[in-house]
Amino acid sequence: MLHLSTRPTLRRAAVTGAALLAATAAMPQASAATADRIPAGGGLSAVIRYTENGIPHILARDYARLGFGTGWAQAADQVCVLADGFVTVAGERSRWFGPDAAPDGSLSSATRNLSSDLYFKGVRESGTVEKLLATPAPAGPTKDLKELMRGWAAGYNAWIAQNKVTDPACKGAGWVRPVTTTDVAARGFAVSVLGGQGRGIDGITAAQPPGASGTAGATDARTAPAPAPAPAPEVDPAAAAEAAREFFDTSRYDMGSNAVAFAGSTTASGRGLLLGNPHYPWQGGRRFWQSQQTIPGELNVSGGSLLGTTVVNIGFNEKVAWSHTVATGTPVNLHQLTLDPADPTAYLVDGTPEKMTRRTVTVPVAGGAPVTRTQWWTRYGPVVSNLGAGLPLPWTDRTAYALNDPNAANLRGSDTALAMGKARSVAGIQDALKRTQGLPWVNTVAADSAGGTLFTQTQVLPRITDELAAGCSTPLGRATYPASGLAVLDGSRGACAPGSDPDAVQPGVFGPGKAPTLRGAPYVENSNDSAWLTNADRPLTGYERIWGNVATPRSLRTRGAVEDVSAMAAKGRLTVADLQEQQFANRAPAGDLAAADAAKACAALPGGSATASDGAAVDVSAACGVLAGWDRTTDSASRGALLFDRFWRRLTASTPAKDLWLVPFSAGDPVRTPRTLNQAAPGIGRALADAVAELRAAGIALDAPLGEHQFVVRGGQRLAVGGGTEALGVWNKIEAPWNAAAGGYPEVVHGSSHIQAVGWNGGHCPVARTLLTYGQSSDPGSPYFADQTRLFSRERWVTARFCERDILTSAQLKVVWARERR
C-alpha cells in the first residue's frame, strides 16, 4: 500500500485528487473504449484518504472506479475473511477445508462444508447469478451497480496482486485468489437468500426421493451419505407449528438490531436524529466495515457495509440517515406437493404431472474422492427435507415439500442501498425502497435534516395474503401460518401459487404499498419485533400475518426500548449526546421487573438454602443482598449483574411465562405486561442455587463487577465489555458463550456492531458519532484490529469526518492512490 509520508504532501495529494475527480466528474460521459484511460493512463484507479481508526474516504469519478477503491480498501483490511467467503460461494470449502468442518455461518446456515458446497456449486452451475445479472432493471441490477461490482472485483484483485498477505489466517494460502464480477454478485445472492434458501441448505441438499441415496461416485466413507431412511410418518401439525415459530423467531438469530428515529418536534435543533445499533457477529464474513464513498456531484455517503458488498448498507449523507433491523416478515413459504403415484420425482398440478428438475452436483473433497449428489427442483423451488432439526419435511411416496424463496430472484439489495445513499429526505428513502425493492429481510428506520421520521418494513416477501392462506393451506399450513407466518400451500392447485401486486417489480411478491409503514411520528423504533409497536401511541395494524404478528407479547428488549425512547421523546430537546447516552445506558429491563422480587424470594427461603438441579443443598443467603443492591444495569462496573444474568437465564429457560408472572400479558398494556415476578414460582430457588453454585465453583464472587468476567482479549490485553444478553432486554446487546474455566464470558460472538448516532445542527455537515465495535481489520497485526474495541470497552465514540475540510484536517490523514497495473 502506498502511503505518502508528510501531512503537507498528504493534503496536497488529497486536494489534487479531489480536484481531479471533481473535474472528471463534470466531463461528458467517456466512451467505453476510452473511459479506463482517465486519469491514470491505463486501468481503474481511486483516491483513498484514511482518517482516524483506519476509516477510508474513497473518491472516484464513476461507479467502476468507486467499486475499485472499495474492493481495494476492503481487501486491505479483510482479505482473509473475504477470500474465505469467495471459497464458499464457489462451492469449494470441502476442497480446501474438508467436508465435515462447519462454515462460519456468514453466508448460510449450512452445518457442514459439504452441504454448503453442494448448494453453492449447484447455484453456480445452474447459471442462477448470471441470469439475474442479465435481467434488465428494475427487476435486475442497474448498470451503476454492475459497474460497482466490476470495479470491486478489479480492486480486490489489484490489492492481492500488489501486496503481501500478512494475516496468519490466510498467509500463503492457495485459496486467496482473484475474483470476477460474477463472484461478487454470487456473494450478494448469498446475502439475499440468507433468510430463505440459505437457512434451508441442509434440507435442500439432503432431500431425496424414497429409496434413493442421491449420490454417485462418492467413495469416501467420511462423506458418502447414509442410505435414505424408510418413509417417515406425516408431520405432526402442532409440533411443526412450535418448531416453525422457533425457527423464524428473530430473537434467536445471530443478527438483530435496534434503531430509533426522532422527529424535529422532539429535538433541540428541530431536525431529525437517528440511533442505529445493529447486532451482528463479531467474527467472520458478516461483519460490517466502515467507509465513505464519494463520486463528486453524484454520490456522497458514509456508513457501514457488509463485507463483500459494494455499497454502504447503513449510513448517512448530508440530509438523511438510516439503519436497518432484522424484520419479522417470513421470507419463504412451502408448497406441499402431491406426487405422481407412479413416480415420486413427478408432482401433480391441476391434475397434470410435472417432472422435477434434477441437478447433479459434484464437489471436490480434500483427501478423498469427489462427492456427487442430486438435488431436486420444482416450479416452486427446491425440494427440502427439513427446515432445521425441529421441522422435518419427509419425502414420502405421496408427498414432498418445495421451498419458495422469492429472494432467489432478487439481486437488487445493493441497488436499494445505493439509491438510499442518494436520498435527500425520508421521502427519498421511501421512494428508493419503492423503486428498487431489494431488501430481503430487514426493516428501515430513517430520520432527516428537516425533522422527518420513517419506519417501513418494505422487504421482499412472497405474496401470501391471509385470504390465500385460508383457502390454500394444507393441514400443516393451518398450524404453521398463524404461529409463525410460514404458509404451507397446496402445490397441486395452480391457483394456490402466490399472486402479484401491480407495484411489485417481480412476480409473486408483495408490492411496497402493502408494507407496514409509519411516517412523521415523534419517534419510530424497532428492536426486531413486528411493526405493531413502532410507536406505542400509533400502533400499526391491518397487515397480513406473513409480515408479523399483532397484539402479542413483545420481547424485553422491545419493551425496554419503547419505554426509553418514548420517555426521551416526551422529554424533548434531544441531541446526538442523548443518543450516545442511550446506547450505553445498559439498563436491564429484566432487572427492573424482577430483581427486587427475586431478592425477596431469596430472603424467604428457609435457612437461606435452596436445592440445585443436581439435588445438592446450596447456601444462597449471600445472593439475596447482592440481588437487592444491584443497580439494574449491565455496565462493566456493575456488581450483581453477573449473578442476576446467570440466575435469569436458568429461570426463564425452565419456567413458562404463565408461571413466571403474576400479571399476564395484556394487548391493552403491551409495554408494561407481563410483570410482577411470581415469588412462589418453583424454579426460583433452583435457578438461584444453580447460579450461586456455578459462580462459586468458578471462583467468581457473587458481587464481582461484570467487566471482570465479561470481556475480550485483544493483543494480550483484557478489555471489559458492558452490555447484556437478549434475555435481559439490554439495548446494548452482547452475546458471549459461558466459559467458567476462562473466567466467565471471555469472548463476544455477536451483539452491538456498527453503531451510529446522527443528527444535524443547521450547518453543512451532519453531526455524527460512530463506533465499529470490533474494528476495521481482522488481521491481528493491524493497528485497526482492536482500536475501536478499546473505545467500545471505555464507551467512547469516533467523531465522523464527512465534509472535505474535516477529512483534510485529520491529524492521521494518509492518502493512497490505488490503481491497476496493466
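Throughout what follows, the structure given in this document is the object of discussion.

What counts as what
Residues numbered from 1 in each chain as written. Predicted model: local features only at pLDDT ≥ 70, side-chain atom pairs only at ≥ 80, totals over all residues. Heavy atoms only, no water. Helix = DSSP H or I, 4+ residues; strand = E, 2+ residues; numbered from the N terminus. Rg over C-alpha atoms; globule rule 2.2 N^0.38 Å. Buried < 20%, exposed > 50% of the residue type's maximum accessible area, 1.4 Å probe, protein only. Contact = heavy atoms within 4.5 Å. Areas by Shrake-Rupley, 256 points an atom, 1.4 Å probe, with all protein chains shown as cover. Lys, Arg positive; Asp, Glu negative; His and termini not counted. Charge placed at Lys NZ, Arg CZ, Asp CG, Glu CD. Axes fitted to C-alpha atoms, helices over the stretch in contact; angles between N-to-C directions. Parallel < 35°, antiparallel > 145°, perpendicular 65-115°, else oblique. Nonpolar A, V, L, I, M, F, W, Y, C, P; charged D, E, K, R; others polar. Phe/Tyr/Trp six-rings, centres within 6.5 Å; stacked < 30°, edge-to-face > 60°. Lys NZ or Arg CZ within 6 Å of the ring centre and 35° of its normal. Pairing = 2+ DSSP bridges. Disulfide = S-S within 2.5 Å. Core = buried A, V, L, I, M, F, W, Y, C linked by side-chain atoms within 4.5 Å. Polar contact = N/O pair within 3.5 Å; in protein donor to acceptor, adjacent residues only side chain to side chain.

**What about the overall build of the protein?**
Thought 1: A count of helical and extended segments in the protein gives 22 helices and 32 strands.
Thought 2: Here the C-alpha atoms of the protein give a radius of gyration of 27 Å, agreeing with the 28 Å that 2.2 N^0.38 yields for 822 residues.
Thought 3: Expressed as lengths along the three principal axes of its C-alpha atoms, the size of the protein is roughly 85 × 70 × 55 Å.
Thought 4: Taken across its 822 residues, the protein has 62% of its residues classed as buried.
Thought 5: In the protein, the proportion of contacts linking residues at least 24 apart, taken out of those at least 6 apart, comes to 69%.
Thought 6: Roughly 28500 Å² of accessible area belongs to the protein as shown, and the carbon and sulfur atoms make up 54% of that amount.
Thought 7: Averaging the positions of the 76 positive and the 69 negative side-chain charges in the protein gives two centres separated by 6 Å.

**Quick word on the packing of helix α2 (residues 63-89) against helix α7 (residues 181-192)**
Thought 1: Between α2 and α7, whose axes approach to 10 Å, the crossing angle comes to 80°. Overall, the two elements α2 and α7 adopt an arrangement that is roughly perpendicular. Mapping the contact onto sequence places V81, L82, G85, F86 and V89 in α2 and D183, V184, A186, R187 and A190 in α7.
Thought 2: Residue composition of the contact of α2 with α7, grouped by class: seven nonpolar, one polar and two charged.

**Some points on the packing of aromatic side chains**
Thought 1: Per the counting criterion, the structure on display carries 22 aromatic pairs.
Thought 2: Both rings, one in Y119 and one in F120, keep their centres 5.0 Å apart while their planes meet at 75°; by these two values the pair is edge-to-face.
Thought 3: Residue classification places Y119 among the buried residues on the basis of a relative accessible area of 0%.
Thought 4: Of the residues examined, F120 reaches a relative accessible area of 2% and is grouped as buried.
Thought 5: For the ring pair F644 and W648, a centre distance of 5.4 Å and an interplane angle of 15° mean the geometry is stacked. With a gap of four residues between them, F644 and W648 both fall in helix α18 (residues 641-654), about one helical turn apart. Accessibility classification places F644 together with W648 in one group, the buried group.
Thought 6: An aromatic cluster of at least three residues, connected via ring pairs, comprises W282, F584, Y774, F792 and W797.
Thought 7: Note that R187 overlies the ring of F86, its terminal NZ or CZ placed 5.2 Å from the centroid.

**Section: the sheet that holds strand β14 (residues 381-382)**
Thought 1: Reading across the sheet, the three strands line up as β12-β13-β14 and stay open at both edges, with antiparallel pairing between neighbours. Bordering the open sheet on either side are β12 (357-363) and β14, each of which pairs with just one other strand.
Thought 2: Helix α4 (residues 113-126) rests against β12 and β13 (371-378) of the sheet, and its axis sits at about 120° to β12.

**Considerations on unusual backbone geometry**
Thought 1: Put simply, A137 and P138 share a cis peptide bond, and its omega is 10°.
Thought 2: Within the secondary structure, P138 sits in the loop between α5 (128-134) and α6 (143-162).
Thought 3: Backbone torsion omega between T673 and P674 reads -5°, so that peptide bond is classified as cis.
Thought 4: With respect to the secondary-structure elements, P674 resides in the loop between β23 (661-663) and β24 (675-677).
Thought 5: Positive phi outside glycine occurs at N53, with the angle close to 65°.
Thought 6: Within the secondary structure, N53 sits in the loop between β1 (45-51) and β2 (55-59).
Thought 7: In this structure, A551 takes a positive phi of about 60° despite not being glycine.
Thought 8: Locating A551 in the fold gives a position in the loop between β20 (523-526) and α14 (556-571).
Thought 9: Assessed through its relative accessible area of 35%, A551 is described here as partly exposed.

**Section: the pairing of β13**
Thought 1: Of all eight residues in β13, eight are buried, a share of seventy percent or more.
Thought 2: Judged by which residues are buried, β13 turns out to be covered on both faces: V371, R373, Q375 and W377 on one side and T372, T374, W376 and T378 on the other are all buried.
Thought 3: Between β13 and β14, which pair antiparallel and follow one another directly, the connecting turn spans two residues.

**Some remarks on the state of the cysteines**
Thought 1: In total, this model carries four disulfides according to the counting rule given.
Thought 2: Two residues, C602 and C624, share a disulfide whose sulfurs are 2.0 Å apart. Every disulfide takes its handedness from the sign of the S-S torsion; for C602 and C624 that torsion is -75°, giving left-handed. A residue pair is termed long-range when its members are at least 10 positions apart, and C602 in helix α16 (residues 589-603) and C624 in helix α17 (residues 621-629) qualify at 22 residues.
Thought 3: Look at C624 and you get buried, because its relative accessible area is 12%.
Thought 4: Note that C765 is cross-linked by a disulfide to C803, the S-S spacing being 1.9 Å.

**Some thoughts on the nonpolar core**
Thought 1: Core analysis: the largest hydrophobic core is formed by 173 residues, its most contacted members being V79, Y156, F189, F262, L387 and I429.
Thought 2: Ranked by residues supplied to this core, first place goes to α2 with 15 residues.
Thought 3: If we skip the residues at most four places from it in the chain, F262 touches T267, G272, L273, A447, T453, P522, Y523, V565, M568, A569, L574 and L579.
Thought 4: Counting residues in each nonpolar core, the second largest holds 44 residues, with L660, A689, V730 and A736 among its members.

**Observations regarding helix α15 (residues 576-583)**
Thought 1: With six of eight residues buried, α15 lies mostly within the body of the structure.
Thought 2: V576, D578, L579, Q580, Q582 and Q583 are the residues of α15 that are buried.
Thought 3: Here the buried face of α15 lies against β3 (256-262), β4 (273-281), α14, β28 (750-752), β29 (754-759) and β30 (767-772).

**Concerning the side chain of S257**
Thought 1: Note on placement: S257 falls in strand β3.
Thought 2: Judged by its relative accessible area of 1%, S257 is buried.
Thought 3: There is a polar contact of 3.5 Å between the side chain of S257 and the backbone oxygen of H324.
Thought 4: In this view, S257 contacts N277, P278, H279, Y280, H324, T325, V326, N526, S527, N528 and R557; residues no more than four positions away in its chain are not counted.

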